[in-house]
Each structure stands twice: as C-alpha cells, then as structure tokens.
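Notes for the structure review
Chain by chain, the residues run as shown.
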Amino acid sequence: MISVDMDDNENAEALSEWLRTEAPLRSRPERGGVGYLSLLTSAEDSRWGGWKAPECEVWAGALNHADLDAVRQRFFEMPWREPNAAQLFVMDQEEGFRLWMIRGAELRQFAPLVPSEDDEVFYRE
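Residues numbered from 1 in each chain as written. Predicted model: local features only at pLDDT ≥ 70, side-chain atom pairs only at ≥ 80, totals over all residues. Heavy atoms only, no water.

**Here's the deal with the packing of aromatic side chains**
Counted only if it meets this: In this scheme Phe, Tyr and Trp rings, the latter by its six-membered ring, pair at centre separations within 6.5 Å, and the angle between planes marks the pair as stacked below 30 degrees, edge-to-face above 60, and tilted otherwise. A 1.4 Å probe rolled over the protein chains alone gives each residue an accessible area, and that area as a share of the maximum for its type sets the label: buried under 20%, exposed over 50%, partly exposed in between.
Within the structure shown, the criterion is met by one aromatic pair. Relative to Trp-80, the ring of Phe-75 has its centre 5.4 Å away and its plane inclined at 50 degrees; by these criteria the two rings are tilted. The exposure class assigned to Trp-80 is buried, which follows from its relative accessible area of 7%.

So, in structure tokens, the structure goes:
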C-alpha cells in the first residue's frame with residue numbers, strides 16, 4: 001500500500017504498472033509481474049470510510065511472492081514530486097505492516113522497529 005500526494009498519481013500509476021509487468025518474484029527474479037495497485041481514494045469510487053476525503057491518494061494491492069527488497073528500491077527510485085509525502089506500507093507473510101518513508105537521500109523504516117515477529121516477546125503465550 002502507498003500513500004502519496006495528489007500530484008503524484010502518475011508516479012503511483014507507473015509504480016503499479018512496474019509491479020504488474022516487471023517486478024521480480026522473490027524466488028524467480030528472472031520472471032516479472034507480481035500484481036498491481038488500485039486507487040482506494042478516488043472521488044468517483046472511494047472505498048475510504050467516513051464522511052471526509054483524505055488529502056492524499058492511497059493505493060493498495062496484494063502482491064504475489066514479490067521481491068520486497070526490489071519493491072522498496074523501486075519505490076525509493078520513483079521521481080516523486082513530493083517525496084516527503086510518499087509512504088510505503090509493506091506487509092510480508094506472517095508479519096504486520098512496516099512503514100517506509102523517504103527522508104533525504106534514503107528510504108527509512110519508521111514503524112515498527114521493535115519488537116518484531118521474530119522476538120520472543122511479540123506474541124502472548
């Protein structure tokens with residue numbers, strides 16, 4: 001899932017097309033295409049709850065065995081018009097969502113940092 005400034009719809013569409021046609025699979029990087037993103041916040045067909053519209057665009061999709069390192073790298077390399085507003089939410093198998101944002105010249109994970117699903121204290125017994 002990504003959240004971007006409204007001026008970045010073309011870049012979100014380009015990222016979605018890359019996911020659909022070229023994004024590498026985790027186990028078979030020579031093959032491309034893992035899914036695509038759909039706009040959840042369009043004025044015509046908003047799936048957003050509540051009575052107000054968000055002041056950003058939210059795109060989401062379920063990706064099939066995507067190489068998430070490649071997805072994060074592509075997200076970082078996109079020519080976002082408003083890179084500080086771009087957010088990437090990634091949920092891997094057996095994990096919760098991770099939030100990634102572009103700050104300066106790097107893509108950084110903001111949440112959650114700890115505990116992770118691999119830590120003994122994560123799940124209640």
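Structure's up, so let's keep going.
**What about the sheet that holds strand 6 (residues 106-111)?**
Threshold: Strands were regarded as paired on the criterion that DSSP finds at least two bridges between them. Secondary structure elements are defined from DSSP: runs of H or I of at least 4 residues count as helices, runs of E of at least 2 residues count as strands, and each element is numbered from the N terminus. Note on definitions: a residue-residue contact is assigned when non-hydrogen atoms from the two residues lie within 4.5 Å. Think of each axis as a best-fit line through the C-alpha atoms, taken over the contacting stretch in the case of a helix, with angles from 0 to 180 degrees between the N-to-C directions.
One open sheet holds the six strands; their spatial order is 2-3-1-4-5-6, and the pairing between them is antiparallel. One side of each edge strand has no neighbouring strand; the edge strands of this open sheet are strand 2 (38-39) and strand 6. Strand contacts of helix 1 (residues 9-21): strand 1 (2-4) and strand 3 (57-60), with the helix running at about 5 degrees to strand 3, the strand carrying the most contacts.

**Examining the confidence of the model for the protein**
Put simply, the test is: pLDDT measures the predictor's confidence residue by residue and takes values from 0 up to 100.
Per-residue confidence for the protein gives a mean pLDDT of 88; residues scoring 70 or more make up 94%. Mean pLDDT across the secondary structure elements of the protein bottoms out at strand 6, with 91, and peaks at helix 1, with 97.

**Some words on the pattern of salt bridges**
Note the following rule: Only one rule defines a salt bridge in this text: a Lys or Arg side-chain nitrogen within 4 Å of an Asp or Glu carboxyl oxygen.
Overall, the coordinates contain six salt bridges when judged by the stated rule. For Arg-20, the salt bridge is made with Glu-17, and the minimal N-O distance between the two is 2.7 Å. Of this pair, Arg-20 and Glu-17 both sit in helix 1, separated by three residues, roughly a single helical turn.

**Observations concerning the environment of Val-71**
Structurally, the position occupied by Val-71 is in helix 2 (residues 68-77). Its relative accessible area of 7% is what places Val-71 among the buried residues. In the structure, Val-71 is positioned 62 residues away from Asn-9 in sequence and 18 Å away in space, judged by C-alpha atoms. Among all residues touching Val-71, those that are not within four sequence positions of it are Trp-18, Leu-19, Leu-63 and Ala-66.

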